[in-house]
Amino acid sequence: MAPKTLLPISMKHKRGAAIALDHSPPPPPFPLSSIPSATTMVVKGIENDDVSARLLSRSPSSSSSDEVKTVLPSKNGNAISQNKRRRRNASEDSLPSISNDNGDDDRGHGDDRKFSSSSIGEEVRHVASETFLLTRLFVIMLSYLGIGYKWIIQFLALGCYAVMIFPGVIQVGYYYFFDRQIRRSIVYGDKPRNRLDLYIPKDSNGPKPVVAFITGGAWIIGYKAWGSLLGKQLSERDIIVACIDYRNFPQGTMSDMLADASEGISFVCNNIAKWGGDPDKIYLMGQSAGAHIAACAIVEQAIKEAAKEEVSWSLSQIKAYFGLSGGYNIFNLVDHFHNRGLYRSIFLSIMEGEESLKRFSPEVMVQDSNMADAVKHLPPIVLFHGTGDYSIPSDASTSFAETLKKLGVKAEAILYEGKTHTDVFLQDPMRGGTDAMFEDLVSYVHANDPEARAKDALAPPRRRLVPEFMLKLAHAVSPF
């Protein structure tokens, strides 16, 4: 990456404004940040924001007692959680842990075993289970969106968009299911969906930097496989990627997502050396809703460390946080999401009611006078965003970066002129060649490694996955 001079609000290589430093299968209709193992019944006129609605989430059975939540939006839109206990024989969301090619469970510490070739039957079984999961994910999403005119239009646009990027989706899907460098579904916790995928570089010499990645999905349809394209391309640059899965709504609310993300980060920090990762070079990244969840995780961790609470991982282990197309002040997004079809009653249920919006708004939290000591624990923060993003406006990143800088945190917002929510995450990577956001990300990870930077300079252009005319059409019809 060429040397750059960053001014408070200046244009950078025609990609956007920068704020000085000391965010597979066809994506969801609103890839903001799988599938809950829940039989979900919606009894409401969602599109008309009928707050008398009842969202009933009833989980299937599992061999251990698991907590099941009934989420009821009340008359003021706030979520009421009622916890119930019952025995379950098998959680549909707890996918089989296929963390190596023998189907062994790499839970916790794992070992240095070699990964042998799995049988065709095992691979077919894995593909079938993942396909079933994604199908259920899609059906549950539709059950929440209702059949209003907004979503009819969005759905038609999504169908056109999916057709345009389909050649790339097929290639990335094949890579995800069959590449031997991916350790799929490693167990990191004891809750449903506590799984992560590891993307291991082919070059096994020396410890590698690590990016712990939390995917987006509007807090409803996030799934670890959404990060497969990023994982593939970063692993080609000798960077290990850990894509962390987490419970989605209605199986869990924001507190559950935050707890899962924190536990996944802890697992990476404490165990990544066993897969060749460098525990002193761990970076945290999130995209869309995943960027919001990850930002909440580091703020909550900073509060714990400032209070000297016992923790299983430390922010001192995180070299930097990268947010891609994220939202960090939820107060500013409730009405925006409602107008785009993520209706207020549902969103407030996800966020556990209006009284919890402050807790889940990192930009607001860090400005609290009681947060002065906690803010000092935050790692450097770099926020990537496209100026053409209408799912989450780019002001969300610039405002958060400015707020952090005023508080003494090393922070930078990099904007990409005219790029949409999916351009920076899907279309540009599928275009091949040079991708501005990707190169910026790699340059930060390899900033203090001259040998890695030299290799980056000689790296061949990435292969194109989708013809240019189809990508341009995808940009034009994208519902995001």
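Residues numbered from 1 in each chain as written. Predicted model: local features only at pLDDT ≥ 70, side-chain atom pairs only at ≥ 80, totals over all residues. Heavy atoms only, no water.

The protein chain appears in an unreviewed UniProt entry as protein-S-isoprenylcysteine alpha-carbonyl methylesterase from Stylosanthes scabra. Heading Subcellular location (unreviewed entry) of the UniProt record for the protein chain holds this comment: "Golgi apparatus membrane". According to the UniProt record, the Sequence similarities (unreviewed entry) comment for the protein chain reads "Belongs to the AB hydrolase superfamily. Isoprenylcysteine methylesterase family." (UniProt positions renumbered as here; feature names shortened; annotations may be inferred.)

### Some words on the packing of aromatic side chains
Counted under the stated rule, the structure contains 15 aromatic pairs. With a centroid separation of 5.6 Å and an interplanar angle of 80°, the aromatic rings of Tyr223 and Trp226 are classed as edge-to-face. We note that Tyr223, like Trp226, is buried. Aromatic pair Tyr283 and Phe322: ring centres 5.7 Å apart, planes at 15°, arrangement stacked. (Phe/Tyr/Trp six-rings, centres within 6.5 Å; stacked < 30°, edge-to-face > 60°. Buried < 20%, exposed > 50% of the residue type's maximum accessible area, 1.4 Å probe, protein only.)

### Focus: the packing of helix H3 (residues 228-235) against helix H12 (residues 436-445)
Between H3 and H12, the shortest axis-to-axis distance is 12 Å and the interhelical angle comes to 55°. Judged by the angle between their axes, H3 and H12 are oblique. Two packed elements cross with a definite hand, and for H3 against H12 that hand is right-handed. Residues Leu230, Gln233 and Leu234 of H3 pack against Phe438, Leu441 and Val442 of H12. Of the residues that constitute the contact of H3 with H12, the class distribution is five nonpolar, one polar and no charged. (Axes fitted to C-alpha atoms, helices over the stretch in contact; angles between N-to-C directions. Helix = DSSP H or I, 4+ residues; strand = E, 2+ residues; numbered from the N terminus. Parallel < 35°, antiparallel > 145°, perpendicular 65-115°, else oblique. Left-handed = near helix turned anticlockwise from the far one by under 90°. Contact = heavy atoms within 4.5 Å. Nonpolar A, V, L, I, M, F, W, Y, C, P; charged D, E, K, R; others polar.)

### As for the pairing of strand E13 (residues 381-386)
Of all six residues that make up E13, six are buried, and the element is covered over most of its length. Of the two faces of E13, the one lined by Ile381, Leu383 and His385 and the one lined by Val382, Phe384 and Gly386 are each fully buried. Bridge count between E13 and strand E14 (residues 411-416): six bridges; the pairing is parallel. Note that in E14 the partner of Ile381 across the bridge is Ala411. Crossover handedness for the path E13 to helix H10 (residues 395-406) to E14: right-handed. (Pairing = 2+ DSSP bridges. Right-handed = clockwise from strand over helix to strand, strands pointing away.)

### So, the nonpolar core
If you look at the biggest cluster of nonpolar residues, it comprises 71 residues, and the most contacted ones within it are Leu198, Trp219, Val268, Leu284, Tyr321 and Met351. Sort the elements by how many residues they give to this core and helix H5 (residues 289-306) lands first, with ten residues. Formed by 47 residues, the second largest nonpolar core is a distinct cluster that contains Tyr175, Tyr176, Phe213 and Val466. (Core = buried A, V, L, I, M, F, W, Y, C linked by side-chain atoms within 4.5 Å.)

### Considering the packing of helix H11 (residues 423-431) against helix H14 (residues 468-477)
Each packed pair of helices is defined by two parameters, the angle between the axes and the distance between the axes. Relative orientation of the contacting elements H11 and H14 amounts to 170°, with a least axis distance of 10 Å. Overall, the two elements H11 and H14 adopt an arrangement that is roughly antiparallel. Residue-level contacts link Asp423, Gln427, Met430 and Arg431 of H11 to Glu468, Leu471, Ala474 and His475 of H14. Taken together, the residues of the contact of H11 with H14 break down into three nonpolar, two polar and three charged.

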